[in-house]
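Coordinates in review
Listed below are the residues making up each chain.
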Amino acid sequence: METVDYAGKVVVVTGGAGGLGFALCRKFVLAGAHVALLDLDRDATRSAANYLRASEKSKVLGIACDVTNPAACHQAMQAVIAEFGGIDLLINNAGIAHRSLLRDTDISVLHRVMDVNFFGAVHCTRAALPSICRRRGQIAAISSIAGFSPLFGRTGYSASKHALHGFFDSLRSEVEADGVGVSIICPAFIATGIERAALGGDGGPATLPRNAVGSEMSAADMADRIVDALRQRRRLYLPTLLAKAAWWTSRLAPAYFAWQMKRRVASR
Ligand code: NAD
C-alpha cells in the first residue's frame, strides 16, 4: 500500500497549542513536515510554536485564530499559504466539550459547542480546500466515539461530532476525484485538558463529574496512531479496541450499546 511521506509537506492543525493537537504537531515536526498550528490564545500559540521550532529546527508557524470566525480562518489559511506555498493536510482538531443534561443546558452552550466543533471545521476546510485540491492533499476531522454513538450528558457534543461525519463523508464524495483524501478519526478517551475545560449547562465550568470508560490513552500515543492512519489515507479510523467495540456494538446492537454506555457513564 502506498503511504504518504510527510517530509517537506505542509500540515495545519487547529487547536494545536494543547492536548492532542500539540501532540500531533510534534509528530509531524519529527516527520519533517512544515507545521502551522492554529489556536485561540495568542500566548499559548506562540509558546507552542516556539517550543516545536526550538526542539526540531523545523519550520513552524503559530497563528492565533478562533475557528468560530470564518474571516479569521480564511486569513489564517492565506498566511499559511503565503509562508509555505500551500497546504497538504488540514487536521480539524479544535474542540470543546460540555457535561450537562439537556434539561439543565442553556441553548447558548449548545450553540458554542456546535460553533467550535462543527462550524470551526467547516470554516477551516472551506478556506483551505482550493489549496488542498491543487496539491491532491488530505483533510482530517477529529471526531469521537460520540460521533457515531450516543453519550450520556453530552447531547451537544455528540451532535457536533455526528455532524462532522455527515459533512466530511459528503465532502469526500465531492473531492475524491481530485485526489483529495478525507479521514474521520474517532478516538475514545485521551488524557488531555478537554474535560477540565468542559462547559456546564450554564456556560460556566462543568459540575457533573468526569466519567471516562476504560483507561485514557496519552495524547502522544494517540497521535502516533493517528499519524499512521493518515499516512494510509484511512477514511474512517477507530484507533483503539474500545473505539472498534463501540462502532460494531452500536451498529449491530444499538439498544444494548445504549444500555451499557448509560450504565457505565451515568453511574456516577
Ligand atoms: P484540549 O482541550 O486539550 O485541546 C483542544 C484545543 O482546542 C485547545 O488547545 C483549545 O485552546 C483549542 N480550541 C478550543 N476552542 C477553540 C477555538 N474556538 N478556536 C481555536 N482553537 C480552539 O482537548 P483535546 O482532548 O486535545 O481535544 C482535541 C480533539 O479531540 C477535540 O476535537 C476533541 O473533541 C477530540 N476528542 C478528545 C477526546 C478526549 O478524551 N480528550 C476523545 C475523543 C475526541
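The structure displayed is predicted, hence computed values, not measured ones.

**With respect to the nonpolar core**
In this structure, Val-12, Met-77, Val-80 and Phe-168 are the most contacted members of the largest nonpolar core, which totals 54 residues. Top contributing element to this core by residue count: helix 4 (residues 107-134), with nine residues. If we ignore the near neighbours within four places in the chain, the residues touching Phe-168 are Asn-92, Ala-121, Thr-125, Ile-139, Ala-141, Val-182 and Ile-184. One finds Tyr-6, Phe-28, Ala-33 and Ala-140 within the second-largest nonpolar core, a separate group that totals 34 residues.

**Considerations on the pattern of salt bridges**
Across all of its chains, the model carries eight salt bridges by this definition. In this structure, the salt-bridge partner of Glu-195 is Arg-154, at a minimum N-O distance of 3.4 Å. Of this pair, Glu-195 sits in the loop between strand 7 (190-191) and strand 8 (217-218) while Arg-154 sits in the loop between strand 5 (138-142) and helix 5 (155-175), and the two are 41 residues apart along the sequence. Here Glu-176 makes a salt bridge to Arg-235, at a shortest N to O gap of 3.5 Å. Placement of Glu-176 in the loop between helix 5 and strand 6 (181-185) and of Arg-235 in the loop between helix 6 (219-231) and strand 9 (236-237) is noted, with a sequence separation of 59 residues between them. Each of Arg-99, Arg-154 and Glu-195 takes part in salt bridges that share partners, so that together they form one network.

**Examining the packing of aromatic side chains**
For the coordinates displayed, the defined rule picks out seven aromatic pairs. Note on Tyr-6 and Phe-28: the rings are 5.0 Å apart at their centroids and 90 degrees apart in plane angle, and the pair reads as edge-to-face. One end of the pair, Tyr-6, is in the segment before strand 1 (10-14); the other, Phe-28, is in helix 1 (residues 19-30), with 22 residues separating them in the sequence. This pair shows no difference in class: Tyr-6 is buried, exactly as Phe-28 is. Here Tyr-256 and Trp-259 contribute two aromatic rings whose centre-to-centre distance is 6.0 Å and whose plane-to-plane angle is 40 degrees, an arrangement assigned as tilted. A residue pair is termed a helical-turn pair when its members lie 3 or 4 positions apart in one helix, as Tyr-256 and Trp-259 do in helix 8 (residues 254-265) at three residues. Three or more aromatic residues link up through ring pairs in this structure, and these residues are Phe-118, Phe-119, Phe-167 and Phe-168. For the cation-ring pair, Arg-251 lies above Trp-247, with the distance from its terminal atom to the ring centre recorded as 3.8 Å.

**Digging into the side chain of Ser-158**
Relative to the helices and strands, Ser-158 resides in helix 5. On the basis of relative accessible area, Ser-158 is assigned to the buried category, the value being 8%. Reaching out from Ser-158, the side chain makes a polar contact with the backbone oxygen of Ser-149 at a distance of 3.4 Å. Ignoring sequence-local partners within four residues, the contact set of Ser-158 consists of Ala-146, Ser-149, Pro-150 and Leu-151.

**Brief notes about helix 7 (residues 241-252)**
Here helix 7 spans 16 Å end to end across twelve residues, near enough to the 16 Å set by a 1.5 Å rise per residue. Buried within helix 7 we find Ala-243, Ala-246, Trp-247 and Ser-250. Projected down its long axis, helix 7 shows its buried positions confined to an angular sector of 100 degrees, all on one face. The exposed residues of helix 7 that point more than 90 degrees off its buried face are Leu-241, Trp-248 and Leu-252. The inward-facing, buried residues of helix 7 abut strand 9 and helix 8.

**Details of the site of the ligand**
Every one of the 28 residues lining the ligand counts as a neighbour, but Leu-20, Asp-39, Tyr-157, Ala-188 and Thr-192 are closest to it. The contact in question runs from an oxygen atom of the ligand to an N or O atom on the backbone of Gly-18, over 3.4 Å. In isolation the ligand offers 830 Å² of accessible surface; the protein chains occlude 91% of this area. Breaking the shell around the ligand down by element, the ones donating at least two residues are helix 1, helix 4 and helix 5.

**A look at the environment of Ser-218**
Within the secondary structure, Ser-218 sits in strand 8. A relative accessible area of 32% places Ser-218 in the partly exposed class.

**As for the confidence of the model for the protein**
Per-residue confidence for the protein gives a mean pLDDT of 95, with 98% of residues at or over 70. Of all helices and strands in the protein, the one with the weakest mean pLDDT is helix 2 (residues 42-56) (91), whereas strand 4 (residues 89-92) scores best (99).

Calculation rules
Residues numbered from 1 in each chain as written. Predicted model: local features only at pLDDT ≥ 70, side-chain atom pairs only at ≥ 80, totals over all residues. Heavy atoms only, no water. Core = buried A, V, L, I, M, F, W, Y, C linked by side-chain atoms within 4.5 Å. Buried < 20%, exposed > 50% of the residue type's maximum accessible area, 1.4 Å probe, protein only. Helix = DSSP H or I, 4+ residues; strand = E, 2+ residues; numbered from the N terminus. Contact = heavy atoms within 4.5 Å. Salt bridge = Lys/Arg side-chain N within 4 Å of Asp/Glu carboxyl O. Phe/Tyr/Trp six-rings, centres within 6.5 Å; stacked < 30°, edge-to-face > 60°. Lys NZ or Arg CZ within 6 Å of the ring centre and 35° of its normal. Polar contact = N/O pair within 3.5 Å; in protein donor to acceptor, adjacent residues only side chain to side chain. Expected span 1.5 Å × (residues − 1). Arc of directions from axis to C-beta. Near = heavy atom within 4 Å. Areas by Shrake-Rupley, 256 points an atom, 1.4 Å probe, with all protein chains shown as cover. pLDDT = per-residue confidence, 0-100.

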